[in-house]
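Coordinate analysis (summary)
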Amino acid sequence: MTKRDFFSHLSASWEDRHQEPGELERLRHFSRHFRLQPGERVLDAGCGCGRLVPVICEAIGANGRLVELDFAPGMLAIGRGKPHADNVFFVLGDVHRLRLPDNGFDKVIALALLPHIDDKEVALREFRRVLRPGGLLVIAHQMGREALDRLHNQGGDVIQSDLLPERAALAGLLADAGFSDVEILDEPDQYIAWARA
Ligand SMILES: C[S@@+](CC[C@H](N)C(=O)[O-])C[C@H]1O[C@@H](n2cnc3c(N)ncnc32)[C@H](O)[C@@H]1O
């Protein structure tokens, strides 16, 4: 099974898993790491079922613009089917080859995406390309690296090798892609990396 099919098949249960009471509040709290500002143009890369849409929209407001991008049609269909404002655009696409213009975003958010990207060098260069100079890439996970790698290891054939790079390796990948001001936070309950284009 391809990774794209794997995630499409996972979409309904991924959506169910994130319907627990308090989920929106937890996500709202976690989203402080995204450092969102009113009016920003944001790419939510590997957006899944669009669970970030409400919190990003609250922060960027009606003058902002949000592109929700994922390569799994099943995930995107669920996201598209939920109520959303008209400054939110759902795009089927692969982060290895973004069909998006240069310098078009203030922020790229990659929540629970990085380990699943087959060629991280290529995708990070694409994120760098679509960010305006000075724009921010935020790589985020709601658990630490060790816990996440354990979870993926037990996740079956398709994702068992989808691991987060170690701190030095990620810093190197980001620098090679042209990012600067890299900060990496790896705590038991969260993993966040920020990098400036
Ligand atoms: C673990 S899910 C996270 C979804 C969402 N960010 C969230 O936190 O709810 C990973 C998502 O990344 C998407 N994905 C994986 N590789 C991708 C790629 N190369 N291009 C675009 N999307 C990708 C998958 O389809 C899936 O929806």
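My aim in this report is to walk through the structure given alongside it, one point at a time. (Residues numbered from 1 in each chain as written. Predicted model: local features only at pLDDT ≥ 70, side-chain atom pairs only at ≥ 80, totals over all residues. Heavy atoms only, no water.)

Digging into the packing of aromatic side chains
Applicable threshold: Working definition: rings of Phe, Tyr and Trp (its six-membered ring) pair if their centres are within 6.5 Å, and the pair is stacked with planes under 30 degrees apart, edge-to-face with planes over 60 apart, and tilted otherwise. Each residue is assigned to one of three classes by its accessible area relative to the maximum for its type, calculated with a 1.4 Å probe on protein chains only: buried under 20%, partly exposed between the two thresholds, exposed over 50%. The criterion is that NZ of a Lys, or CZ of an Arg, lies within 6 Å of the ring centre and within 35 degrees of the ring normal, and then a charge sits over that ring.
With the rule as written, the count across this model stands at 2 aromatic pairs. Their ring planes at 85° and their centres at 5.1 Å tell us that phenylalanine 6 and phenylalanine 7 sit as a pair that is edge-to-face. Among the residues examined, phenylalanine 6 registers a relative accessible area of 17% and is labelled buried. Residue phenylalanine 7 is classed as buried on the basis of its relative accessible area, which comes to 14%. Seen in terms of ring centroids, phenylalanine 30 and phenylalanine 34 are 6.0 Å apart; in terms of plane orientation they differ by 90°. Their pairing is edge-to-face. Classification of phenylalanine 34 by relative accessible area gives buried; the value is 0%. Its end group placed over the ring of phenylalanine 89, arginine 65 keeps NZ or CZ at 4.8 Å from the ring centre.

Overview of unusual backbone geometry
Worth spelling out the cut-off: Put simply, DSSP H or I for four residues or longer makes a helix, DSSP E for two residues or longer makes a strand, and each gets a number counted from the N terminus.
For arginine 35, which is not glycine, the phi dihedral falls at a positive 50°. With respect to the helices and strands, the residue arginine 35 is situated in the loop between α2 (23-30) and β1 (41-45). Of note in this structure, aspartate 181 is not a glycine but carries a positive phi near 50°. Relative to the helices and strands, aspartate 181 resides in strand β6 (residues 180-187).

A few points about the layout of surface pockets
Rules: Any residue with an atom within 4 Å of a point lines the site, the site being either a cavity, points on a 1 Å grid over the protein atoms alone where a 1.4 Å probe fits but cannot get out, or a pocket, an open set with protein on both sides within 12 Å along at least 5 of 7 lines. Grid points are joined across faces, edges and corners, and a volume is the space filled by probe spheres set on the points. Residue type decides the class: Asp, Glu, Lys and Arg count as charged, Ala, Val, Leu, Ile, Met, Phe, Trp, Tyr, Cys and Pro as nonpolar, and the leftover types, Gly among them, as polar.
For the largest pocket, the calculated volume is near 900 Å³. Taken together, 39 residues form the lining of the largest pocket, with Phe7, Trp14, Ala112, His116 and His152 sitting closest to its centre. The set of elements that each furnish at least two residues to the lining of the largest pocket consists of α1 (3-17), α2, β2 (65-70) and α6 (145-153). Residue contributions to the lining of the largest pocket peak at 6 residues, all from α1. Partitioning the lining of the largest pocket into residue classes produces 19 nonpolar, 11 polar and 9 charged. A volume near 260 Å³ is recorded for the second largest pocket. Forming the boundary of the second largest pocket are 17 residues, of which Leu24, Gly50, Arg51, Pro54 and Lys82 lie nearest the centre. Among the elements of the structure, α2 and α3 (53-60) are those that each provide at least two residues to the lining of the second largest pocket. Broken down by class, the residue content of the lining of the second largest pocket amounts to 8 nonpolar, 5 polar and 4 charged.

Considering the environment of isoleucine 184
What counts here: For this analysis, residues touch if any pair of their heavy atoms sits within 4.5 Å.
Among the structural elements, isoleucine 184 can be located in strand β6. A residue is classified by how much of its surface remains accessible, and isoleucine 184, at 16% relative accessible area, is buried. As a C-alpha pair, isoleucine 184 and glycine 50 span 134 residues in sequence and 25 Å in three-dimensional space. Residue contacts for isoleucine 184: discarding those within four places in its chain leaves Arg167, Leu170, Ala171, Tyr191, Ile192 and Ala193.

Regarding the side chain of histidine 33
Summarising the element assignment, histidine 33 is placed in the loop between α2 and β1. Discounting residues that sit within four places of it in the chain, histidine 33 has contacts with Val138, Gln190, Ile192 and Trp194.

Notes on the site of the ligand
The condition is simple: It suffices for a single heavy atom of a residue to lie within 4 Å of a molecule or strand for the residue to be listed as near it. Any pair of nitrogen or oxygen atoms within 3.5 Å is treated as a polar contact; in protein, a donor-acceptor pairing is required on top of that, and neighbouring residues in sequence qualify only through side-chain atoms on both sides. To measure how exposed things are, a 1.4 Å probe is used in the Shrake-Rupley method; for residues, cover is taken only from the protein chains shown. Think of it this way: a molecule belongs to a cavity or pocket when more than half its atoms come within 2 Å of the grid points there.
With respect to spatial proximity, 18 residues lie near the ligand, and among them Trp14, Gly46, Arg51, Asp70 and Leu111 are the closest. The contact in question runs from a nitrogen atom of the ligand to an N or O atom on the backbone of leucine 111, over 2.7 Å. When isolated, the ligand has an accessible area of 590 Å², and the protein chains bury 98% of it. Put simply, the ligand lies in the largest pocket. Among the residues forming the shell around the ligand, the class breakdown is 10 nonpolar, 5 polar and 3 charged.

With respect to the environment of alanine 72
Structurally, the position occupied by alanine 72 is in the loop between β2 and α4 (73-80). Judged by its relative accessible area of 0%, alanine 72 falls in the buried class. Discounting residues that sit within four places of it in the chain, alanine 72 has contacts with Arg4, Phe7, Ser8 and Leu92.

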